[in-house]
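# Breakdown of the fold
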Amino acid sequence: MSDIILHKGREKSVFRRHPWIFSGGIARVNGNPQGGEIVTVRAENGKFLARGYWNQRSQIQVRILTWDDEPIDHNWWRKMFTRAINGRKHITSTAYRLINAESDFLAGLIVDKYGDWLVLQALTLAIDLIKKDLAELLMELTGARGVYERSDVDVRGKEGLKSSVGVLAGEAPPNPIIVDEGVKLAVDVYGGHKTGTYLDQRQNRALVGELIYSQPHLTTVLNLFSYTGGFSIHALHHPQAYVVNVDASADALMLARENMRLNRIDEARAEYIQADVFDDLRARMTANELYDVVILDPPKFAHAQSQVEKAARGYKDINLNAFKLVKSGGYLFTFSCSGAINADLFQKIVFGALEDSGREAQVIRVLGASDDHPVALSFPEGAYLKGLMLRVY
Ligand code: SAH
């Protein structure tokens, strides 16, 4: 096994259990490791620090898998998968994230469960090379009927990989897969966003449902960036609720309609508007519309640090207009999934929008991703989704 020797002082981040080692931290390589191979990370003085996998092509040249001097073999993967699976035993939804990459100490690997099927995303070369074996092991440990791959994400380019989709093990999943997260949702794992849907918002969708059900005067809901209407279906659990879904994607809105049928909700209780939310918001403001609950769950605006400023303007614009559309005493659920914008900055942006709107608001809850998306304390980069539940006056 090759040794990766770090520059003096660069072992600090390894001691703190951060899983990434950048090219700049590496003093020399003893051996000739191939891309994806397991390597040992050592301090300048030769002391063992960690073990992980190598990819010279990536800026992150080593991703650490263990800080113990142990082999990364079949038993290791079994042990770590079992730990991740056991951490989700309490979840009653039939769809959730089973393995959350670095945050489950399994760098580069995402696995989502949709009923009897698993969907796997291999984000790095090392994971890509062994994905079939990992899929077989996952089938054995979960009893899943099949593992489908959705490695069609841009970050693979940084590892020298092209996108890759298809059945990795077992049977091909049906389309859609019907899952149950308290309400039924139809998920297209072949063409849907991410691995099929936004599992990270599961508990926030339930929270919206609980709020509206417990405060029956809240009946009108504007679901902006609705995707397949997940928040809406939860909201419509309250029999008097009425929802307007706005999304740019016709396919997403089609599945939103399908989700209404699945849950036997009268189709007259929802609207589906295919539009750009930026424009749609302005039109609703001009028309002096008001809603009891507004949900604002945009896609990632900042894909890199360099885009933060522009993204901030975008978030401010939609939040400003969203505030103006909330009835006094109503609620705004506002989110950002841009990793480059931290919770602090997000709250500042939303506050800036509030100031300009002339409204008042209280933070009722600070929101994050669902509990099947843990964030390792040593890996704050994993905390990409943040949100605020606000009461607006
Ligand atoms: N709240 C959803 C997830 C929203 S994801 C859920 O819980 O499932 C973001 C959505 O925004 C996607 O469906 C995408 O189609 C849509 N979208 C992206 N840019 C948009 C725009 N400018 N206007 C309207 N919709 C947009």
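## Considering the site of the ligand
Of all residues adjacent to the ligand, which total 16 residues, the nearest are Arg205, Asp247, Ala248, Val277 and Asp297. Asp247 has a polar side-chain atom sitting 2.7 Å from an oxygen atom of the ligand. Within the backbone of Val277, an N or O atom sits 2.9 Å from a nitrogen atom of the ligand. Relative to its free-state accessible area of 590 Å², the ligand is covered by the protein chains to the extent of 89%. Tallied by class, the residues present in the shell around the ligand amount to eight nonpolar, four polar and four charged.

## Regarding helix 9 (residues 343-357)
Between its terminal C-alpha atoms helix 9 stretches 21 Å, which fits the 21 Å expected from 15 residues at 1.5 Å a residue. Phi turns positive, to about 75°, at Gly358, one or two residues after helix 9.

## Thoughts on the packing of helix 7 (residues 277-286) against helix 8 (residues 308-324)
Between helix 7 and helix 8, the shortest axis-to-axis distance is 9 Å and the interhelical angle comes to 30°. With respect to each other, helix 7 and helix 8 are oriented roughly parallel. The chirality of how helix 7 crosses helix 8 is left-handed. Touching Phe278, Leu281, Arg282 and Met285 of helix 7 are Gly314, Asp317, Ile318, Asn321, Ala322 and Lys324, all from helix 8. A breakdown of the residues in the contact of helix 7 with helix 8 according to their chemical character gives five nonpolar, two polar and three charged.

## Section: helix 6 (residues 250-262)
An ideal rise of 1.5 Å per residue puts 18 Å on 13 residues; helix 6 measures up with 18 Å between its terminal C-alpha atoms. Buried within helix 6 we find Ala252, Leu253, Leu255, Ala256, Asn259 and Met260. All buried residues of helix 6 lie within an arc of 160° about the axis, which places them on one face of the element. Exposed residues on helix 6 whose side chains face more than 90 degrees from its buried face are Asp251, Met254 and Arg261. Here the buried face of helix 6 lies against strand 13 (184-187), helix 5 (230-235), strand 15 (242-247) and strand 16 (270-274). Sitting at the head of helix 6, Ser249 places a side-chain oxygen 3.4 Å from the backbone nitrogen of Asp251. Arg264 sits one or two residues past helix 6 and shows a positive phi near 55°.

## Some details on the environment of Asp276
Its location among the elements puts Asp276 in the loop between strand 16 and helix 7. For Asp276, a relative accessible area of 40% translates into the label partly exposed. Separated by 111 residues in the primary sequence, Asp276 and Gly387 place their C-alpha atoms 21 Å from one another.

## A few points about the sheet that holds strand 7 (residues 95-100)
Spatially, five strands are ordered 7-8-9-10-11 in an open sheet, and the strand pairing comes out mixed. Edge positions in the sheet fall to strand 7 and strand 11 (164-170), since each has one partner strand and no second. Looking at each pair of strands side by side, their axes are set apart by 20° on average, direction ignored. Both strand 8 (residues 109-114) and strand 9 (residues 117-122) contribute to a ladder of six bridges, which runs antiparallel. Residue pairing across strands places Ile110 opposite Gln121, the latter belonging to strand 9. Packed onto the sheet, helix 3 (residues 125-142) meets strand 7, strand 8, strand 9, strand 10 (146-151) and strand 11 and runs at close to 40° relative to strand 11.

## A short note on the pattern of salt bridges
Considering all chains together, one arrives at 24 salt bridges under this definition. Here Lys316 ties to Asp356 by a salt bridge, and the two come within 2.9 Å at their closest N and O atoms. Here the residue Lys316 occupies a position in helix 8, and Asp356 occupies one in helix 9, the gap between them amounting to 40 residues. Judged by its relative accessible area of 47%, Asp356 is partly exposed. In the salt-bridge network here, residues are joined through shared partners; they are Asp128, Lys131, Glu149 and Arg156.

## What about the sheet that holds strand 15?
If you walk across this open sheet you meet the seven strands as 16-15-14-17-18-20-19, and the pairing is mixed. Of all strands in the sheet, those with a lone pairing partner are strand 16 and strand 19 (361-368), marking the two edges. Taken pair by pair, the neighbouring strands of this sheet meet at an average axis angle of 15°, ignoring direction. Relative to strand 20 (residues 386-392), strand 19 runs antiparallel, the two sharing seven bridges. By the bridge assignment, Arg365 is partnered in strand 20 with Met389. In the packing of helix 4 (residues 202-214) onto the sheet, the strands contacted are strand 14 (220-224), strand 17 (291-296), strand 18 (326-336), strand 19 and strand 20, and the crossing angle to strand 18 comes to about 170°.

Thresholds, definitions, all that
Residues numbered from 1 in each chain as written. Predicted model: local features only at pLDDT ≥ 70, side-chain atom pairs only at ≥ 80, totals over all residues. Heavy atoms only, no water. Near = heavy atom within 4 Å. Polar contact = N/O pair within 3.5 Å; in protein donor to acceptor, adjacent residues only side chain to side chain. Areas by Shrake-Rupley, 256 points an atom, 1.4 Å probe, with all protein chains shown as cover. Nonpolar A, V, L, I, M, F, W, Y, C, P; charged D, E, K, R; others polar. Helix = DSSP H or I, 4+ residues; strand = E, 2+ residues; numbered from the N terminus. Expected span 1.5 Å × (residues − 1). Axes fitted to C-alpha atoms, helices over the stretch in contact; angles between N-to-C directions. Parallel < 35°, antiparallel > 145°, perpendicular 65-115°, else oblique. Left-handed = near helix turned anticlockwise from the far one by under 90°. Contact = heavy atoms within 4.5 Å. Buried < 20%, exposed > 50% of the residue type's maximum accessible area, 1.4 Å probe, protein only. Arc of directions from axis to C-beta. Pairing = 2+ DSSP bridges. Salt bridge = Lys/Arg side-chain N within 4 Å of Asp/Glu carboxyl O.

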